[in-house]
Structure formats: C-alpha cells, structure tokens
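Here's the letter readout for the chains.
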Amino acid sequence: MSILLAIFYFFYFSVIGVYIIFLPKVLSMAGYTPSDIGIIFAAAPLVRFLVPFAFIKGLKINAKIFNTSLLIMCLSALSFYLSLDNFYKLLLSNISLGIGLSIVLPYIELISLNYLGKERYGKIRLFGSVGFILVALVLVKFLSSPSVALIYLLVLVLITALFGFVIAKKADTLLEKQSEHTNDINLLADWKLWLGLTLMQVSFGSFYNFFTIYTTDHGVSLDMTIYLWSFGVIVEIFMLYFQGMLLRKNLLLILQITTFVTAVRWFLVFAFPDVTALLFLSQALHALSFALFHSAAISYLFYLYKHKSLAQQLFSGITYGFGAFMGALIAGYVYELYPSYLFLSSMLIALGATWFLVLWGRDPQRLNSPQ
C-alpha cells in the first residue's frame, strides 16, 4: 500500500503542478483575458468549499462515490482538452474538476493516515512534492502550444485515477467503515479551531498569487525567483521526510508554533523584499508553514473527530477551498491599492490564525481532544 500511495501522490501533485503553474499561461496563450482566467480559476476553490456540506447533510462516502469522483476528474481533464476555444465549457470543466478533486484527496489522506500513521505519512506524502517540482521542470521545456499542457494534464489525471482506483479497492472496507460514523463535527462549537486553520490558508493568498510579481517588482530577477520557489519545495520535501518525530509531540502546539512562524515568514518578505538572502530564509520557513502545518493539521483532525473522512474533507474544502479563495481575493485588492503592504497584511492574518488556535487550546470544548 505504501508504494501505491507514493505513486498516487506523485501523479496527483503533478496534476496540481500543471494546473497551478501552466494552465493560466495556457489560457492566456489561447487568447483569454485576465478577467476570464480569474473567473475560470475562482470556480474550483468555491466548489471545493461547497461539496463537503453535501456530506454533512447526509450524503455517504463509499467506494462507489469515490470511484465516481475519479471518473469525474478524467472527464473534466478530457473536457479541458476539447473545450479550449469555449469559455463556458472551460468554466464547466473546471467546476467538475473541482468536484472530483474535493472528494479524491481527502479520502486518500484518510487512507494514508490509517495505513501509515502520522509518523510515516510524511515520507510517502513527499513524493507529491517531487512530482510537483519535476513536472514544472519538464513541462517548461516542452510548452510550445496550449495543447501540450492539456495533453500532460489529461495523461497525468488518467494515471492518477488508475492508482486511486486500485488504492480504493484495497481500502474498500476502510472506506465503508468510515461512512458508518454519524457526524460529530460541530463547526459552530469548534469555530475557533476552524477559523484558525482557515486564516492560515488565507494568509497564503499573497504568496501563491503574487510572490513572483512582488519579488520581480522589487528588482529580484525572474531566474532568482524560480530558484526561491524551487528551494521552498526542497525544504518542504526535507521536512516531510523527517517530521515523524515531531508529530509524536503536542499537535495543537505545533499548529500554534507553525502559524506564528508563518507570520514571521511574511514579515521577512514584507520588510526585505529585495534582500535575496532573507528571501531564501523566508522560503526555508516553508518547511514549517506548509509541510509541518499540513501534516499536523490533518493528524490533529484525524484524532479529534470520530467521523474522520468528513473531517478531512471539511479541512480540504474550508481551508484550501474557501481560505484560498478569500486569500486570493484579499491579496488582489491589497496589492492593487497598497502594494508595499501586501505581505504585512499576510503577517497580520497569520497572527490571527495563531491567536484563534491559542484560544481554542484554552476552550472547554477541547476536552478529550488530542494533544
């Protein structure tokens, strides 16, 4: 199972690499305006946010639903390839891809945590980071036309779906058992926890959407900016491999520390946007603010709630869906109106995440939660 999961992560995050790094450029090459591209790519995180609420209302996850989501992913990727010349078809393709992605990854994460445990999880998950950086290095050499990237997307999605199907078949009993749990997740009662986790992702809006523009606007070369991105992925891989010992500690404390470190990271980018050495230091902190935070967050929710599958799906939908959407929206307005304060706003948002996680640690609702 470990090998299958490693292969799945490799190809899944290769798909994400093509989607994030190249598809906006592909649509621009095809003649779409920035506003068109923005609308198309805003749809997926919103769908990712909304889908988990269908499961709160009673929809059950099982092997059939999981495999259906894999099929939706494949059809969406094929639709991307066939619909490049039609805005509405592309928008629909992206919405359906968002539906597939919102179901697939959370349950693979659930299977990973059940089969691997939180200590071994990172050593398998790091293959996803390897896939992400490799597809970027390979595809950039061959991106001669929009169809090339879309062919990569289709092939990688098909391979991802194949291994997802095999993994789900082997873990069929596990998925069925998880679907039997009644919902014990109360977002309103646990709002401090969920707000803290979400604000962490909102703070990343400036980084994911404007880091390249921000650094080059401050005189850092594009080549150096690519090196900064690559360095961040390298330290992420390093942390994923060695984080097992840390995850045996107090998970909530790790979440509080990593959100605070993230605030420090954004302050460095704000205060020293043209100092390459300090930008590399800020990227070194990606090991904590992404890799360790992500692993600690999914592990904490895994042990906190009985309905583990829904917990993972809500984490994916609320934080990486709604959080990413709000982060991009806020960052866009801040960069347009007060560009020099872009990462200062991210720092304040990350500090807000730390504050709410600290409040959650003091909340009586947290009785019987994991450390």
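Residues numbered from 1 in each chain as written. Predicted model: local features only at pLDDT ≥ 70, side-chain atom pairs only at ≥ 80, totals over all residues. Heavy atoms only, no water.

Asker: Describe a nonpolar patch on the surface, naming the residues involved and giving the relevant values.
Answerer: Taken together, L71, L75, L78, Y81, L82, I151 and V155 make up a surface patch of nonpolar side chains, about 640 Å² in accessible area. Those elements that provide at least two residues to the nonpolar patch are α4 (63–82) and α6 (146–170). Looking at the nonpolar patch, the element that brings in the most residues is α4, giving five residues. Here L82 is to be found in helix α4. (Patch = residues over 30% accessible without salt bridge, like charges linked within 9 Å, V, L, I, M, F, W, Y side chains within 5 Å. Areas by Shrake-Rupley, 256 points an atom, 1.4 Å probe, with all protein chains shown as cover. Salt bridge = Lys/Arg side-chain N within 4 Å of Asp/Glu carboxyl O. Helix = DSSP H or I, 4+ residues; strand = E, 2+ residues; numbered from the N terminus.)

Asker: Describe in detail a positive patch on the surface, supporting the description with residues and values.
Answerer: A surface patch of positive charge is lined by R120, K123, R248 and K249. Along the chain, R120 turns up in helix α5 (residues 87–142). What makes R120 partly exposed here is its relative accessible area of 42%. (Lys, Arg positive; Asp, Glu negative; His and termini not counted. Charge placed at Lys NZ, Arg CZ, Asp CG, Glu CD. Buried < 20%, exposed > 50% of the residue type's maximum accessible area, 1.4 Å probe, protein only.)

Asker: Quick one: what's the story with helix α9 (residues 205–217), residue by residue and with numbers?
Answerer: Two residues of an α-helix separated by three or four positions point the same way, owing to the 3.6 residues in each turn. Its 13 residues give α9 an end-to-end C-alpha distance of 18 Å, which sits within 8% of 18 Å, the value for a rise of 1.5 Å per residue. Along its length, α9 shows its largest kink, about 65°, at F211. G205, S206, F207, F210, F211, Y214 and T215 are the residues of α9 that are buried. (Expected span 1.5 Å × (residues − 1). Bend = angle between axes of the 7 residues up to and from the residue.)

Asker: Any chance you could break down the side chain of T160 for me, citing the residues and the numbers?
Answerer: Mapped onto the fold, T160 is located in helix α6. Taking relative accessible area as the criterion, T160 reaches 1% and is therefore assigned buried. Engagement of the side chain of T160 in a polar contact is seen with the backbone oxygen of F11, the distance being 3.3 Å. Setting aside residues no more than four positions away along its own chain, T160 makes contact with F8, F11, Y12, V15 and M73. (Polar contact = N/O pair within 3.5 Å; in protein donor to acceptor, adjacent residues only side chain to side chain. Contact = heavy atoms within 4.5 Å.)

Asker: Would you mind going over the nonpolar core in detail, with residue names and values included?
Answerer: Counting residues in each nonpolar core, the largest one holds 120 residues, and the members touching the most others are F8, L193, W194, L197, L255 and L301. With 19 residues, α5 is the largest single contributor of residues to this core. The residues touching L255, leaving out its near neighbours within four places in the chain, are L197, F293, A296, A297, Y300 and L357. (Core = buried A, V, L, I, M, F, W, Y, C linked by side-chain atoms within 4.5 Å.)

Asker: How would you summarise the packing of helix α8 (residues 191–203) against helix α15 (residues 342–361) if you had to cite specific residues and measurements?
Answerer: Relative orientation of the contacting elements α8 and α15 amounts to 160°, with a least axis distance of 8 Å. In this view, α8 runs roughly antiparallel relative to α15, as classed from their interaxial angle. The interaxial crossing formed by α8 with α15 has left-handed handedness. Seen from α8, the contacting residues are W191, K192, L193, L195, G196, L197, L199, M200, V202 and S203; seen from α15, they are S346, I349, A350, G352, A353, F356, L357, L359 and W360. (Axes fitted to C-alpha atoms, helices over the stretch in contact; angles between N-to-C directions. Parallel < 35°, antiparallel > 145°, perpendicular 65-115°, else oblique. Left-handed = near helix turned anticlockwise from the far one by under 90°.)

Asker: Explain the packing of aromatic side chains to me, using residue names and the numbers behind them.
Answerer: Enumeration according to the criterion identifies 30 aromatic pairs in this entry. Relative to Y208, the ring of F204 has its centre 5.3 Å away and its plane inclined at 25°; by these criteria the two rings are stacked. Here F204 falls in the buried class, since its relative accessible area comes to 1%. Residue classification places Y208 among the partly exposed positions, given a relative accessible area of 43%. Ring plane angle 45° and centroid distance 5.7 Å describe the contact between W266 and F343, whose orientation is recorded as tilted. With a gap of 77 residues between them, W266 in helix α11 (residues 251–271) and F343 in helix α15 connect regions that are remote in the sequence. The exposure class assigned to F343 is buried, which follows from its relative accessible area of 0%. (Phe/Tyr/Trp six-rings, centres within 6.5 Å; stacked < 30°, edge-to-face > 60°.)

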